[in-house]
Amino acid sequence: YRSVFAHVIMDDSEDDLNYVVAEATPDEDDGDEMGISSANTLRNRLHYLFGRLVEAISSVEHPIFLFLDDMQWADASSLELLLSLLVSGDHDDDNTQCLLVAGAFRSNEVDEAHMLSRYIQKFEEAMSVNVTSIQLDVITKSATHILTSEALLLPLRLTRGLADVVHSKSLGNPLFAKSLLRQLVDENILRYSLPKKRWIWDINDVKSVSVDDNVAELMKHKLLRLPNEIQDALKLISCFGTKVSKDIVSKLRSSSENSDDAITTFLEQAREEHILDHNDQVYKFAHDMLQQSAYDLMSPEEKGAYHFNIGLRLMSSVSTEASYDALIFTVIDQINNAKRYGVTEASMNISCAKMNLQAGKRSMEVSDFVSAWQYVVYGISFLPEAKWESSTYELTLSLHEAGALACFVNVDSTNLQINLGEIFENAVRFEDKIKAYYILAQNLASLNRLKEAMTTVLFVLNELGEDFPEEVSPEDVQTAMMSTQRLLDGYSKEDIVGVPRLKDEKKQWAVKLMDFLTPCAFMISPRLLPILANHMINMLVKDGACKESAFGLSNYSLCLITLRHDYEAGYSYGKMAIALLESFGAMGSLQKVKCMLQNMVNYLFEPIQSTANVLLESYEGLRATGDNEFACLALSMYTDQLIMSGCLLPVVEKKCEEFALRSMRLHQLQYCRNLCCTHNRVLSLTGNAEGKNPFDLLRDNDIATEDDLLQESLSTGRSGLSQRIYFLRMFTSFWLKKYNKAAEFAAQFRNAGRISMRFIDIYCTFYEGLAVFHLARCSTDKVIKSKWMDIGEKSVDRFKVWQEHSSWNFENKLYLLQAECHRCAGENDNADAKYLAAIESARRHRLLHEEGLAMELYASFLEETGESEKSKTRLSLAIECYEKWGATAVVKLLHN
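Since the structure is predicted, the reported quantities are computational estimates derived from the model, not experimental observations. (Residues numbered from 1 in each chain as written. Predicted model: local features only at pLDDT ≥ 70, side-chain atom pairs only at ≥ 80, totals over all residues. Heavy atoms only, no water.)

A. The overall build of the chain, seen in detail. Counting its secondary structure elements, the chain contains 43 helices and seven strands. Looking at the chain as a whole, 52% of its 896 residues are labelled buried. Partitioning the contacts of the chain with sequence separation of at least 6, the portion at a separation of at least 24 is 67%. Here the chain has roughly 41000 Å² of accessible surface; of this, 50% comes from carbon and sulfur atoms. The averaged location of the 126 negative side-chain charges in the chain is 3 Å from the averaged location of its 91 positive side-chain charges. (Helix = DSSP H or I, 4+ residues; strand = E, 2+ residues; numbered from the N terminus. Buried < 20%, exposed > 50% of the residue type's maximum accessible area, 1.4 Å probe, protein only. Contact = heavy atoms within 4.5 Å. Areas by Shrake-Rupley, 256 points an atom, 1.4 Å probe, with all protein chains shown as cover. Lys, Arg positive; Asp, Glu negative; His and termini not counted. Charge placed at Lys NZ, Arg CZ, Asp CG, Glu CD.)

Rendered as structure tokens:
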């Protein structure tokens with residue numbers, strides 16, 4: 001089993017085994033009071049790990065066949081897990097699941113409005129699932145002949161007449177036919193003859209037997225023929241469903257006034273009548289129709305009494321204070337079912353409400369938010385009318401908080417608002433409303449109402465004593481940066497890790513809320529980022545550390561690089577953030593911070609091939625922790641770095657297509673759009689665009705082309721997406737020799753107004769610099785040429801700084817920009833030397849595409865200076881690099 005487990009986590013080291021075990025449960029400091037942010041990830045984590053498990057135990061040689069019966073009774077959580085396994089998983093053409101699922105349900109109980117119908121439609125619409133519908137009709141007369149013959153161990157010629165009658169009376173229902181044969185035996189019409197040593201019957205007696213017109217009534221009449229004691233025992237266990245553990249039956253016996261083996265005896269007699277099956281652990285009805293028939297022997301009042309009595313007898317075996325006891329679910333389910341039939345005991349109501357709260361919380365811990373909501377509803381129903389009075393205030397508050405959280409995850413907006421309204425209207429202290437405000441903000445953010453979410457959180461922070469300016473000015477930004485610098489002056493990584501833990505609950509909430517604000521601010525109010533970092537670090541230094549404090553450090557790291565261009569300090573504080581999270585053992589948060597730092601900080605220091613691989617590893621880690629949103633962000637960032645690292649374009653093309661589909665399956669539309677844009681532009685370089693449209697994935701969202709997506713991003717203010725489109729257009733325009741367009745798109749990219757510096761900003765500077773140097777050479781207008789040269793020289797100056805931190809990533813780019821600058825200035829000897837240096841540097845740092853680019857530009861320079869033969873040689877080498885890269889469209893241009 002260790003090898004299977006290692007496959008699930010994709011590593012067999014002890015460290016990684018411990019990592020996954022740690023990730024299987026919430027972080028220690030993420031208890032119920034502070035664990036709201038993890039609620040949405042719990043289900044994702046379960047789905048991901050279950051999918052990995054199925055992949056680990058299945059293979060082409062040993063595929064899995066999974067049969068699910070009675071799917072008409074499946075709950076939403078089970079169907080969501082199945083949907084994730086079949087549709088939303090990470091499988092693709094190279095990683096096919098060796099899994100076949102067969103599901104059976106009663107079509108007469110499933111109409112178009114039934115929940116199962118909606119999921120079947122999702123399966124049928126999914127591109128990753130082949131769905132075959134099989135209609136199981138009644139069995140034929142010939143099949144009934146075989147069934148009867150085999151049951152009686154007689155030839156077909158002897159049983160044909162009996163089988164015809166059985167088929168006629170059962171209407172071809174196999175369960176009905178089997179039950180009818182049993183009824184004939186019970187009434188001694190079908191009997192075994194010892195002299196003849198076979199079964200015998202009178203066909204006229206068989207024809208005269210009256211049967212019910214449905215299976216349920218037939219089952220019921222069969223049970224009514226049993227002794228009352230057996231009926232009572234069957235009624236008892238029918239209250240548990242189709243099966244009950246022998247341990248539960250044992251507890252019922254021990255809590256009974258008569259502690260003999262009567263219940264067990266009667267159940268054994270029912271087994272002899274083929275009504276029950278059993279093994280070492282459970283009693284199980286031979287068919288669910290038998291369980292339903294036994295349950296229907298009782299009136300509604302009797303059902304309520306039975307359920308309540310069972311719950312009461314089992315309650316003595318559990319502790320309501322236990323953190324988890326499986327028996328609690330059994331007890332509270334029985335009590336809740338009794339209440340459904342109007343049977344309660346007033347003196348027990350508060351205990352029942354507490355047990356429902358406990359069951360709801362435990363259900364959420366195992367990602368069953370649908371059941372959690374049902375427990376909360378029952379828990380609230382046990383509360384008195386004046387539930388917000390002091391004696392039940394805390395219990396009432398906890399139930400409504402749990403209900404709001406369950407409704408948020410279940411996307412039940414109506415009941416979410418009802419629960420939040422109860423808290424806002426009745427909570428006495430503002431601290432008691434914080435969790436509700438946090439859930440409200442998360443819901444607003446999930447609906448893309450980011451401004452409303454920010455307004456809500458800023459209001460709460462203000463009430464907690466953390467003031468933020470209504471409008472952030474440049475002066476506010478500079479003041480915050482200077483204040484943060486003073487706060488951290490003299491602190492080493494060891495000092496940060498050694499800061500005492502934050503204990504004040506209000507301040508914990510303040511830091512958590514500021515952490516929530518950070519991604520919102522990044523998208524719509526970037527000037528707020530330095531202010532947030534300052535507040536979070538102020539609390540870290542003065543009040544203590546919590547895991548969210550690390551996001552303040554990583555935020556400050558980004559601000560230092562963007563605003564102060566202090567790259568070394570920014571890199572250092574990023575490492576501090578990682579060290580702090582490692583000290584907390586907060587692996588989910590650690591993967592998040594690593595993901596952001598790899599794309600915004602670390603690429604300035606570490607080889608791009610390395611940071612790209614870390615992003616892919618972060619994706620796996622984030623999926624394992626259930627954070628699908630950041631996982632898909634990691635994929636988007638990974639493909640960006642993959643392209644710029646010179647990875648072969650056919651590989652990038654395949655990755656873009658695969659990751660876009662994966663993001664769509666995981667309901668991460670934002671990153672699916674990013675990847676579709678990247679895929680579209682890669683196709684234009686590989687020359688494979690004909691007949692392919694990556695935006696077909698988005699047609700359900702009224703997006704058919706890149707232009708549609710750009711217009712939507714501009715109209716909705718999504719500057720990040722519009723910038724990405726401008727960057728990719730600039731990138732491909734440059735490679736396809738459309739230098740005017742490249743410069744135009746670069747200007748549009750810069751004018752979008754984002755404050756933070758990202759990975760793509762560096763590469764925009766590089767390609768824009770090369771494009772404008774080309775335009776400067778071609779321009780005869782001195783003013784225009786001067787404008788182009790000014791932009792190009794600024795690009796050179798920036799790369800001089802960046803090259804100091806990572807010669808691996810930026811040295812060849814600096815040399816190539818300098819070569820083009822010297823060329824424009826007529827300094828041919830210097831240009832020649834820089835071209836050669838750029839070629840050698842790109843080759844040494846395994847940047848294939850940029851080696852080809854340096855060769856191409858050097859060939860152009862040599863042609864310009866009259867060295868045609870050398871130029872042809874260099875151009876041939878450039879084409880060779882491009883062919884290896886897979887840039888077929890670029891190769892065609894150069895051949896032309």
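B. Summary view of the nonpolar core. In this structure, L234, L553, L604, W735, Y767 and L853 are the most contacted members of the largest nonpolar core, which totals 245 residues. If one sorts the elements of this core by residue count, helix 37 (residues 759–778) sits on top with 13 residues. Sequence-distant contacts of L234, defined by excluding residues within four places in its chain, comprise L223, L226, A270, I275, L276, F285 and A294. Counting residues in hydrophobic clusters, the runner-up holds 15 residues, among them M71, L79, V87 and V110. (Core = buried A, V, L, I, M, F, W, Y, C linked by side-chain atoms within 4.5 Å.)

C. Quick peek at the packing of aromatic side chains. One pass over the structure, following the stated rule, counts 33 aromatic pairs. Seen from their ring centres, F734 and Y739 are 5.6 Å apart, and the 70 degrees between their planes marks the pair as edge-to-face. Of the two residues, F734 and Y739, neither departs from the other in class, the shared state being buried. A ring pair is formed by Y882 and W885, whose centres lie 6.4 Å apart and whose planes are at 45 degrees; its orientation type is tilted. With Y882 and W885 both in helix 42 (residues 868–885) and three residues apart, the pair spans about one turn of that helix. This pair shows no difference in class: Y882 is buried, exactly as W885 is. The ring of F382 carries K339 above its face, with NZ or CZ at 5.1 Å from the centroid. Taking NZ or CZ as reference, K787 lies 4.1 Å from the ring centre of W788, over its face. (Phe/Tyr/Trp six-rings, centres within 6.5 Å; stacked < 30°, edge-to-face > 60°. Lys NZ or Arg CZ within 6 Å of the ring centre and 35° of its normal.)

D. Layout of the sheet that holds strand 5 (residues 243–245). If you trace the three strands from one edge of the open sheet to the other, you get 5-7-6, paired in antiparallel fashion. Either end of the sheet is taken by a strand with one partner, and the two such strands are strand 5 and strand 6 (276–278). Mean inter-strand twist for the sheet, computed between neighbouring axes without regard to direction, equals 20 degrees. Contacts from helix 11 (residues 228–238) reach strand 5, strand 6 and strand 7 (282–285), with the element oriented near 100 degrees to strand 7. Set on the sheet, helix 13 (residues 262–272) makes contact with strand 6 and strand 7; between it and strand 6 the angle comes to about 110 degrees. (Pairing = 2+ DSSP bridges. Axes fitted to C-alpha atoms, helices over the stretch in contact; angles between N-to-C directions.)

E. Structural view of the pattern of salt bridges. By the definition in use, this model includes 41 salt bridges. Among the salt bridges present, the one from D288 reaches R106, with a minimum N-O distance of 2.0 Å. Separated by 182 residues along the polypeptide, D288 in helix 14 (residues 288–295) and R106 in the loop between strand 2 (99–103) and helix 5 (115–125) bring together distant segments of the chain. For the pair shown, D288 and R106 are each scored as buried. The partner of R729 in a salt bridge is D707, and the shortest N-O contact between them spans 2.6 Å. (Salt bridge = Lys/Arg side-chain N within 4 Å of Asp/Glu carboxyl O.)

F. Structural context of helix 18 (residues 369–381). Over its 13 residues, helix 18 extends 18 Å from the first C-alpha to the last, a length consistent with the 18 Å expected when each residue adds 1.5 Å. Taken together, the buried positions of helix 18 are F369, S371, A372, W373, Y375, V376, G379 and I380. (Expected span 1.5 Å × (residues − 1).)

G. Main features of a nonpolar patch on the surface. A cluster of nonpolar side chains, contributed by F50, L53 and I57, occupies part of the molecular surface with about 230 Å² of accessible area. Position of I57 relative to the elements: it lies in helix 3 (residues 36–57). You can call I57 partly exposed: its relative accessible area is 45%. (Patch = residues over 30% accessible without salt bridge, like charges linked within 9 Å, V, L, I, M, F, W, Y side chains within 5 Å.)

H. Structural detail: the packing of helix 11 against helix 14. Following both chains from N to C, one finds helix 11 and helix 14 inclined at 110 degrees, their axes separated by 8 Å at the closest point. Compared by their axis directions, helix 11 and helix 14 come out roughly perpendicular. Along the contact surface, helix 11 presents L234, K235 and S238, while helix 14 presents Q291, A294 and Y295. Residue classes in the contact of helix 11 with helix 14 are distributed as three nonpolar, two polar and one charged. (Parallel < 35°, antiparallel > 145°, perpendicular 65-115°, else oblique. Nonpolar A, V, L, I, M, F, W, Y, C, P; charged D, E, K, R; others polar.)

I. Representation of the pairing of strand 4 (residues 198–201) within the structure. Summarising the sheet, strand 3 (residues 190–193) and strand 4 pair through four bridges and their orientation is antiparallel. When the sheet's bridge partners are listed, Y192 is paired in strand 4 with W199. Linking strand 3 to strand 4, which pair antiparallel, is a turn of four residues; within it K197 sits at a positive phi near 60 degrees.

J. The arrangement of helix 37 in detail. Spanning 20 residues, helix 37 covers 30 Å between terminal C-alpha atoms, matching the ideal 28 Å at 1.5 Å per step. Counted residue by residue, helix 37 has 17 buried out of 20 residues, so it is predominantly covered.

K. Focus on the confidence of the model for the chain. Looking at the chain, the pLDDT average stands at 88 and 92% of residues meet or exceed 70. In this model residues 11–35 is a low-confidence stretch, pLDDT under 50, and it forms 42 contacts with partners more than four residues away in sequence or in other chains. (pLDDT = per-residue confidence, 0-100.)

L. Spotlight on unusual backbone geometry. Even without a glycine there, the phi angle at N188 is positive, about 60 degrees. Note that N188 resides in the loop between helix 8 (174–186) and strand 3. Despite not being glycine, R846 shows a phi value in the positive range, around 60 degrees. Among the secondary structure elements, R846 is positioned in the loop between helix 40 (828–844) and helix 41 (848–864). A residue is classified by how much of its surface remains accessible, and R846, at 54% relative accessible area, is exposed.

M. Just the environment of F584, in detail. Relative to the assigned elements, F584 resides in helix 28 (residues 567–584). Along the backbone, F584 and C546 are 38 residues apart, and their C-alpha atoms lie at a distance of 8.0 Å.

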